[in-house]
Amino acid sequence: MNKLDKAVRTPPGTGTIHTLGPIIHNPQVLERYQNLGVKQTDGSKRLDPADVVIIRAHGIPKQVQENFERLGVTLIDATCPKVKKAQILIQKQAEQGKHLLLFGERDHPEVKGLISYATEHTVFESLEEVKAMTLPQGSRYFLAAQTTQDRESFTAIREFLLGEIDQEMTILDTICTATKDRQEEVRILSREVQAMVVVGGKNSGNTRRLAQIAQEAGVFTVHVETSDELPWGELEAFERIGLTAGASTPSWIIEDVARALKATLG
């Protein structure tokens, strides 16, 4: 977002500033940029060479980036460094003729970008799905994950595949450390509270996973985008309430939810 803010303050081109899809998965942030004149594009509409395109934190497919480069628009790469690293690692393995096994959400923009760096790839969303798969014989495989995936689930998938594939399989550690730490914090906090409030965009994969982890820990869990969505009638039944937020949730929204909880529930 710092790169987008800089482009808004000092436009690097004379045309319109676009983001390819949402810059991050947070509706309140997107509304703020829309009010500043930033538009979204899905890449299907031809842009003017004078336009500026911000590559979002999730990254974009390799072919889409090449199309923009041929068009001549000004490209500003705001891909998360962790996602960029995953793209590079995947490309290096794929160039050796290996088949990518990717643990991630098929329809997530980050995943669509990651698989664009591997000609042969298989995407799966759970260990159960992996167990039901029939992998092509004679291929060499490497395993990676969407950067915001749950590390415990990835470890279980890795151990299963190592027992199934009768040849050496390269394992790429592509899960973001900050994501891993936040998930572990939620696991610990869930043991100390009776309810958990998770703040962040409803379409944010890493935020949804935090809510899932809290739910699996057995505590009452609500996922809200703003303080207006807090279910006071249900939360009033609990004395100890935990608060966490997704990586893309702005600090001002988190602080607003925290103030609302303290003011209403003490």
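Residues numbered from 1 in each chain as written. Predicted model: local features only at pLDDT ≥ 70, side-chain atom pairs only at ≥ 80, totals over all residues. Heavy atoms only, no water.

K.L.:
Go over the overall build of the chain with me, naming the residues and quoting the values.
P.N.:
Scanning the chain from terminus to terminus reveals 11 helices and 11 strands. For the chain, the C-alpha atoms occupy an extent of roughly 60 × 55 × 25 Å along the three principal directions. For the chain, the proportion of its 266 residues judged to be buried stands at 48%. If you sum the accessible surface of the chain, you get close to 13600 Å²; carbon and sulfur atoms cover 47% of it. Each charge class in the chain was averaged separately, 31 positive and 36 negative side chains, and the resulting centres sit 6 Å apart. (Helix = DSSP H or I, 4+ residues; strand = E, 2+ residues; numbered from the N terminus. Buried < 20%, exposed > 50% of the residue type's maximum accessible area, 1.4 Å probe, protein only. Areas by Shrake-Rupley, 256 points an atom, 1.4 Å probe, with all protein chains shown as cover. Lys, Arg positive; Asp, Glu negative; His and termini not counted. Charge placed at Lys NZ, Arg CZ, Asp CG, Glu CD.)

K.L.:
Any chance you could break down the sheet that holds strand 1 (residues 17–20) for me, citing the residues and the numbers?
P.N.:
Read from one edge to the other, the open sheet built from 4 strands follows the order 2-1-3-4, with strand pairing classed as parallel. Each end of this open sheet is capped by a strand with a single partner; those strands are strand 2 (39–41) and strand 4 (74–77). Shown here is a sheet whose adjacent strand axes are inclined to one another by a mean of 30°, direction ignored. When strand 1 meets strand 3 (residues 52–55), the two strands line up parallel, connected through 3 bridges. For His18, the partnering residue across the bridge sits in strand 3 and is Val53. Along the sheet face, helix 1 (residues 2–9) touches strand 1, strand 3 and strand 4 and points at about 160° away from the line of strand 1. (Pairing = 2+ DSSP bridges. Axes fitted to C-alpha atoms, helices over the stretch in contact; angles between N-to-C directions. Contact = heavy atoms within 4.5 Å.)

K.L.:
Which residues make up the pattern of salt bridges, and what values do they have?
P.N.:
For the structure on display, the rule yields 14 salt bridges. We note a salt bridge from Arg208 to Glu105, for which the minimum N-O separation is 2.6 Å. Of this pair, Arg208 sits in helix 9 (residues 205–216) while Glu105 is found in the loop between strand 5 (99–103) and helix 5 (109–115), placing the two residues 103 residues apart along the sequence. Given the relative accessible area of 32%, Arg208 is considered partly exposed. Glu105 gets classed as buried once you look at its relative accessible area, which sits at 17%. We note a salt bridge from Arg151 to Asp173, for which the minimum N-O separation is 3.3 Å. (Salt bridge = Lys/Arg side-chain N within 4 Å of Asp/Glu carboxyl O.)

K.L.:
Account for the pairing of strand 6 (residues 121–124), naming residues and giving values.
P.N.:
Regular strands show a simple pattern: their side chains alternate between the two faces of the sheet. Across 4 bridges, the pairing between strand 5 and strand 6 is parallel. For Leu102, the partnering residue across the bridge sits in strand 6 and is Val123. With helix 5 bridging strand 5 and the parallel strand 6, this β-α-β connection has right-handed handedness. (Right-handed = clockwise from strand over helix to strand, strands pointing away.)

K.L.:
Which residues make up the packing of helix 8 (residues 177–190) against helix 9, and what values go with them?
P.N.:
Running from N to C, helix 8 and helix 9 point in directions that differ by 30°, and their axes come no closer than 9 Å. With respect to helix 9, the element helix 8 is oriented roughly parallel. As helix 8 packs across helix 9, the resulting crossing turns out to be right-handed. Taken together, the residues of helix 9 that come into contact with helix 8 (itself represented by Arg182, Gln183, Val186, Arg187 and Ser190) are Arg209, Leu210, Ile213 and Ala214. Residues of the contact of helix 8 with helix 9, tallied by class, amount to 4 nonpolar, 2 polar and 3 charged. (Parallel < 35°, antiparallel > 145°, perpendicular 65-115°, else oblique. Left-handed = near helix turned anticlockwise from the far one by under 90°. Nonpolar A, V, L, I, M, F, W, Y, C, P; charged D, E, K, R; others polar.)

K.L.:
If you had to explain the layout of surface pockets to someone new, which residues and values would you point to?
P.N.:
Roughly 640 Å³ of volume is contained in the largest pocket. In terms of lining residues, the largest pocket is bounded by 30 residues, among which Ala57, Cys80, Asn206, Ala247 and Ser248 are the most central. When contributions to the lining of the largest pocket are tallied by element, the ones reaching two or more residues are helix 1, helix 4 (81–94), helix 8 and helix 9. With 4 residues, helix 8 is the largest single contributor of residues to the lining of the largest pocket. In terms of residue class, the lining of the largest pocket is made up of 12 nonpolar, 14 polar and 4 charged. (1 Å grid on protein atoms, 1.4 Å probe; cavity = no way out; pocket = protein on both sides within 12 Å on 5 of 7 lines; lining within 4 Å. Points joined across faces, edges and corners; volume = space filled by probe spheres on them.)

K.L.:
Can you tell me about the sheet that holds strand 5, naming the residues and giving the values?
P.N.:
Here 4 strands make up an open sheet; going across it, the order is 6-5-7-8 and the pairing parallel. The open sheet is flanked by strand 6 and strand 8 (170–171), the only strands paired with a single partner. Sheet analysis places strand 7 (residues 141–145) next to strand 8, joined by 2 bridges and oriented parallel. Along strand 8, the bridge assignment pairs Phe142 with Thr170. The sheet contacts of helix 7 (residues 151–164) involve strand 5, strand 6, strand 7 and strand 8, and relative to strand 7 the element is tilted by about 170°.

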